[in-house]
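# Examining the three-dimensional arrangement
Chain by chain, the residues:
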Amino acid sequence: STKRSRRGRVDDRLRQRVLELAKTYAMYGSRKLWALLKDKRNQVSPSTVYRWLKEKNLLLAPRYQQQVRRRARDARRNCLWQVDITWVDLDA
């Protein structure tokens, strides 16, 4: 039997973590998932996260991501702004 290196075992665990996050946050792209993982325990490059997602076909089409962002931006644009005036000086 071949013994895997420690790095190989860590990569397998990290890959599983990336795939779990990708299923939990389906709308996130590789850069956002990489940002979630970015700490001292999980040292992985953004390109590696992208490659793992691409291998499992978990990447969204860029056009679909743009449509979702546009819808969210348009929804924020039509927010209601309200002001409560509690004191007005009528003598001036």
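Placed above this text is the structure.
Residues numbered from 1 in each chain as written. Predicted model: local features only at pLDDT ≥ 70, side-chain atom pairs only at ≥ 80, totals over all residues. Heavy atoms only, no water.

### Some words on the nonpolar core
Counting ten residues, the largest nonpolar core is built from Leu14, Val18, Leu21, Ala22, Leu33, Leu37, Val44, Val49, Trp52 and Leu53. Sorting the residues of this core by element identifies helix H1 (6-24), helix H2 (30-37) and helix H3 (46-55) as the ones contributing at least two each. Considering each element in turn, this core owes the most residues, four residues, to H1. Each residue touching alanine 22, except ones within four places of it in the same chain, is listed here: Leu33, Leu53 and Leu58. (Core = buried A, V, L, I, M, F, W, Y, C linked by side-chain atoms within 4.5 Å. Buried < 20%, exposed > 50% of the residue type's maximum accessible area, 1.4 Å probe, protein only. Helix = DSSP H or I, 4+ residues; strand = E, 2+ residues; numbered from the N terminus. Contact = heavy atoms within 4.5 Å.)

### Observations regarding unusual backbone geometry
In this model, asparagine 57 sits at a positive phi of 60°, which is unusual for a non-glycine residue. By the element assignment, asparagine 57 lies in the loop between H3 and helix H4 (62-77).

### Here's the deal with H2
Taken together, the buried positions of H2 are occupied by Ser30, Leu33 and Leu37. An end-on view of H2 places all buried positions within 65° of arc, on one side of the element. Within H2, the exposed residues directed more than 90 degrees away from the buried face are Arg31 and Lys32. (Arc of directions from axis to C-beta.)

### Some thoughts on the layout of surface pockets
Approximately 460 Å³ is the volume attributed to the largest pocket. Forming the walls of the largest pocket are 19 residues, and the residues nearest its centre are Met27, Tyr28, Gly29, Gln65 and Arg69. For the lining of the largest pocket, the secondary-structure elements that each account for two or more residues are H2, H3 and H4. Residues of the lining of the largest pocket, tallied by class, amount to 13 nonpolar, three polar and three charged. (1 Å grid on protein atoms, 1.4 Å probe; cavity = no way out; pocket = protein on both sides within 12 Å on 5 of 7 lines; lining within 4 Å. Points joined across faces, edges and corners; volume = space filled by probe spheres on them. Nonpolar A, V, L, I, M, F, W, Y, C, P; charged D, E, K, R; others polar.)

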